[in-house]
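# Summary of structural features
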Amino acid sequence: MWLLIIFNYNLPPDIHFHLNNILALGVIPGPKKPHDVDSFLWPLLKELYKLAIGVRAFDSLSGRLFQLCAFLILVFGDIPTVSMLM
């Protein structure tokens, strides 16, 4: 199986890999590679596109709305996985 997870690199380096800061998005079932990986990744790619443009979010500390932007900066896995994703 393949795990789809997100790390928040906007956190300090000593905590962004802590378990409570990792977002688990989903699982692509195995034991063989999927025939159509796009069917699993398309919802994620649509969401990442919206986040790159920006969405309105609420900052609970300041009590204000702000424009939240997020970008995919890294994809990693073993060599067959990365070659399939590229």
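Scroll up to find the structure this text is about.
Remember, predicted model here, so these are calculated numbers, not experimental data.

### With respect to the side chain of Asn21
With respect to the helices and strands, the residue Asn21 is situated in the loop between β1 (2–7) and β2 (22–28). Only 2.8 Å separates the side chain of Asn21 from the backbone oxygen of Ile15, close enough to count as a polar contact. Look past the residues within four positions of Asn21 in its chain and what remains in contact with it is Ile6, Asn8, Leu11, Ile15 and His16.

### A few points about helix α1 (residues 38–53)
In this model, α1 (16 residues) spans 21 Å end to end at C-alpha, consistent with the 22 Å of a helix rising 1.5 Å per residue. When α1 is considered as a whole, its buried residues turn out to be Leu41, Leu48 and Leu51. The positive-phi residue at the C-terminal boundary of α1 is Gly54, with phi of around 120 degrees.

### Quick look at the environment of Phe58
Locating Phe58 in the fold gives a position in strand β3 (residues 55–59). Judged by its relative accessible area of 56%, Phe58 falls in the exposed class. Expressed as a C-alpha distance, the spacing of Phe58 and Leu68, which sit ten residues apart in the sequence, is 9.0 Å.

Thresholds applied
Residues numbered from 1 in each chain as written. Predicted model: local features only at pLDDT ≥ 70, side-chain atom pairs only at ≥ 80, totals over all residues. Heavy atoms only, no water. Helix = DSSP H or I, 4+ residues; strand = E, 2+ residues; numbered from the N terminus. Polar contact = N/O pair within 3.5 Å; in protein donor to acceptor, adjacent residues only side chain to side chain. Contact = heavy atoms within 4.5 Å. Expected span 1.5 Å × (residues − 1). Buried < 20%, exposed > 50% of the residue type's maximum accessible area, 1.4 Å probe, protein only.

It is worth stressing that arrangement in space is one thing and function is another; only the former is reported here.
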